[in-house]
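Residues per chain, in single letters:
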Amino acid sequence: MQRWRGLEDIPQDWGRSVVTIGSYDGVHRGHQLIIGRAVERARELSVPSVVVTFDPHPSEVVRPGSHPPLLAPHHRRAELMAELGVDAVLILPFTAEFSKLSPADFIVKVLVDKLRARAVIEGPNFRFGHKAAGNVDFLAELGRTYDYEVEVVDLFVRGEAGGGEPFSSTLTRRLIAEGDVEGAAEILGRSHRVEGVVVRGAQRGRELGYPTANVETLPHTAIPADGVYAGWLTAGGERMPAAISVGTNPQFDGTERTVEAYAIDRVGLDLYGLHVAVDFLAYVRGMAKFESIEALLDAIADDVKRARELTAEYDA
C-alpha cells in the first residue's frame, strides 16, 4: 500500500481512482463499511482505491485545544486500511490555510486535479470544506461537472455497545474513558490498542515480583479509565497475555497517570526503549489503595490469575 503525506507526494502520473475521505479514527466497523465499499468499487472499475485523511485532527485547528483522544495513530490506521485492501492512503496536513478552502476548491484541488476521482464513497453525514459547508449532495452535484460518481454508504451499525447507540468514534472514546473496553471492542471489531515506548518507571513492580512495561503513550491517546485490565502486550512481534494497570498508583501516593503491562509468566524480558502495543480485552477491577503490601500482593495475584484466564479463554 502506498502512503503519501501531502498532495505533492501523489505521483505525477497518477490515474483515475476511487476515493473516500474522513478522519477514520479507529477504523471502526462503520468506517469499515465505507472503506470496504470503496475498495470493492475500485476493483469493479479496475482502478486503485485511496483513503484521504487528515493530520492533525481538524478540530484542533478549527478549535485549538479541542483535539479528541485518538483511537489509533495514523500508522495504525494505515495498517488497518491495508488489511481492508486499500491501495493508497493520503494524509493531508490540516492547517489553518487548508481549513479555509471552499468545498468547491477542495473538490478541484484534491479530488479532481490530484486524485482524478472516478468515484467517491462517503457516509451520509460527510461534511467538508470551509466551515464544513460541503455535503454529499454538493459533492454529487459537482461530480456531474467533473466526471465522478458519488455513492453514499450507511455507516451506522448498531449493537449492544452504548445501549444501542449507533457505532461511532465518539461513542468508542466515551466507552474507553468509562473503562468499558469490551463495548469499545464491539464497535472497533477488535480490542482497543494503546502504543508507545517502554520507559523506566519507579520499578516497584519489579520489586514486588511483577515487573511491568511502563508505556510512554503517544500524544492524545485514548487511554481507558483507571483500573486493572486483562489484555496483551506485543513487543518485537510477539503477543503476550498481560495484566495491565492504568492509573496513578495510589498505593504509593503516585501522581503521574501511567499505563503498565505485566507479561504473564514471562521472566527476564528487557523491553526498555522498545515501541510496544497494549491491547485491552476486559476490565478486571478498579484502582484501589490497600491496607498493606501483603494485601496488594494478594490482589495482584488475583489480577494476574483473572487476566490469564480471560486471555486464554479468548484465544481458545
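Residues numbered from 1 in each chain as written. Predicted model: local features only at pLDDT ≥ 70, side-chain atom pairs only at ≥ 80, totals over all residues. Heavy atoms only, no water.

Brief notes about the nonpolar core
One finds Val50, Leu90, Leu92 and Leu115 to be the most contacted residues of the largest nonpolar core, which totals 28 residues. Where this core is concerned, the elements lending two or more residues are β2 (17-21), β3 (49-55), β4 (88-93), α5 (103-112), β5 (117-122) and α6 (136-146). When residues in this core are grouped by element, the largest group, four residues, is from α5. Once you skip the residues sitting within four places of it in the chain, Leu92 turns out to touch Gly6, Leu7, Val52, Thr53, Phe54, Asp55, Phe98, Phe106 and Val110. Counting 20 residues, the second largest nonpolar core, distinct from the first, contains Val198, Ala235, Val246 and Val278. (Core = buried A, V, L, I, M, F, W, Y, C linked by side-chain atoms within 4.5 Å. Buried < 20%, exposed > 50% of the residue type's maximum accessible area, 1.4 Å probe, protein only. Helix = DSSP H or I, 4+ residues; strand = E, 2+ residues; numbered from the N terminus. Contact = heavy atoms within 4.5 Å.)

Let's talk about the domain arrangement of the protein chain
Assigned domains within the protein chain: domain 1 (2-155) and domain 2 (192-315). Of note, the centres of domain 1 and domain 2, computed from C-alpha atoms alone, are 36 Å apart. Contact with domain 1, which involves eight residues of that partner, is made by nine residues of domain 2. Taken together, both faces of the contact between domain 1 and domain 2 bury some 640 Å²; the carbon and sulfur share is 55%. Three residues stand out in domain 1 for area buried against domain 2, namely Leu70, Leu71 and Arg76, and they jointly supply 52% of the buried area on that side. For the pair domain 1 and domain 2, the interface holds zero salt bridges. (Domains from an automatic or database assignment. Buried area = accessible area lost by both parts, 1.4 Å probe. Salt bridge = Lys/Arg side-chain N within 4 Å of Asp/Glu carboxyl O.)

Some words on the packing of aromatic side chains
Think of a pair of aromatic rings as described by two things: how far the centres are apart, and how the planes are tilted against each other in angle. Counting across every chain of the model gives 11 aromatic pairs. Ring geometry for Phe54 and Phe94: centres 5.7 Å apart, planes at 85°, overall edge-to-face. Linking Phe54 in strand β3 with Phe94 in the loop between β4 and α4 (96-99), this pair joins segments that are 40 residues apart in sequence. A residue is classified by how much of its surface remains accessible, and Phe54, at 11% relative accessible area, is buried. Of the residues examined, Phe94 reaches a relative accessible area of 12% and is grouped as buried. Ring geometry for Phe98 and Phe106: centres 6.0 Å apart, planes at 75°, overall edge-to-face. Taken as a pair, Phe98 and Phe106 share a single burial class, namely buried. (Phe/Tyr/Trp six-rings, centres within 6.5 Å; stacked < 30°, edge-to-face > 60°.)

Structural notes on the sheet that holds strand β9 (residues 227-235)
Overall, antiparallel pairing links the six strands, which are arranged β7-β8-β11-β10-β9-β12 in a closed barrel. In this sheet, neighbouring strand axes are inclined to one another by 45° on average, regardless of whether the strands run parallel or antiparallel. (Pairing = 2+ DSSP bridges. Axes fitted to C-alpha atoms, helices over the stretch in contact; angles between N-to-C directions.)

Overview of the environment of Asp303
Checked against the element boundaries, Asp303 lands in helix α10 (residues 293-315). For Asp303, a relative accessible area of 6% puts it in the buried group. Once residues within four sequence positions are removed from consideration, Asp303 is found in contact with Val228, Val284 and Arg285.

Some remarks on the pairing of β5
Extensive coverage of β5 is indicated by the burial of five of its six residues. With three bridges connecting them, β2 and β5 associate as parallel partners. Residue pairing in the sheet places Ser17 in a bridge with Ala117 of β5. Pairing of β5 with strand β6 (residues 149-152) involves four bridges; the strand directions are parallel. Within β6, the position partnered with Val120 by the bridge is Val150. Tracing the backbone out of β5, into α6 and back to the parallel element β6 gives a crossover that is right-handed. (Right-handed = clockwise from strand over helix to strand, strands pointing away.)

As for the sheet that holds β4
The sheet built from six strands is open, its strands ordered β1-β4-β3-β2-β5-β6 with parallel pairing. The open sheet has two edge strands with one neighbour each: β1 (2-5) and β6. Strand-to-strand twist in this sheet, taken as the mean axis angle between neighbours without regard to direction, amounts to 25°. In this fold helix α3 (residues 74-83) packs onto β1, β3 and β4, with an angle of close to 165° to the strand it touches most, β3. α5 contacts β2, β3, β4 and β5 of the sheet and is inclined by roughly 130° relative to β2.

Focus on the pairing of β3
In the case of a regular strand, side chains alternate between the two sheet surfaces. Judged by how many residues are buried, β3 sits mostly within the fold: six of seven residues are covered. In this sheet, β3 lies alongside β2 in parallel orientation, the contact comprising four bridges. Across the sheet, residue Thr20 finds its bridge partner in β3, namely Val51. Handedness of the crossover joining β2 and β3 through helix α1 (residues 29-45) is recorded here as right-handed.

Examining unusual backbone geometry
Put simply, Asp55 and Pro56 share a cis peptide bond, and its omega is 0°. Residue position: Pro56 is located in the loop between β3 and α2 (58-62). At Tyr24, a residue that is not glycine, the phi angle is positive and equals roughly 50°. Located in the positive-phi region is Ser46, a residue other than glycine, with phi close to 60°.

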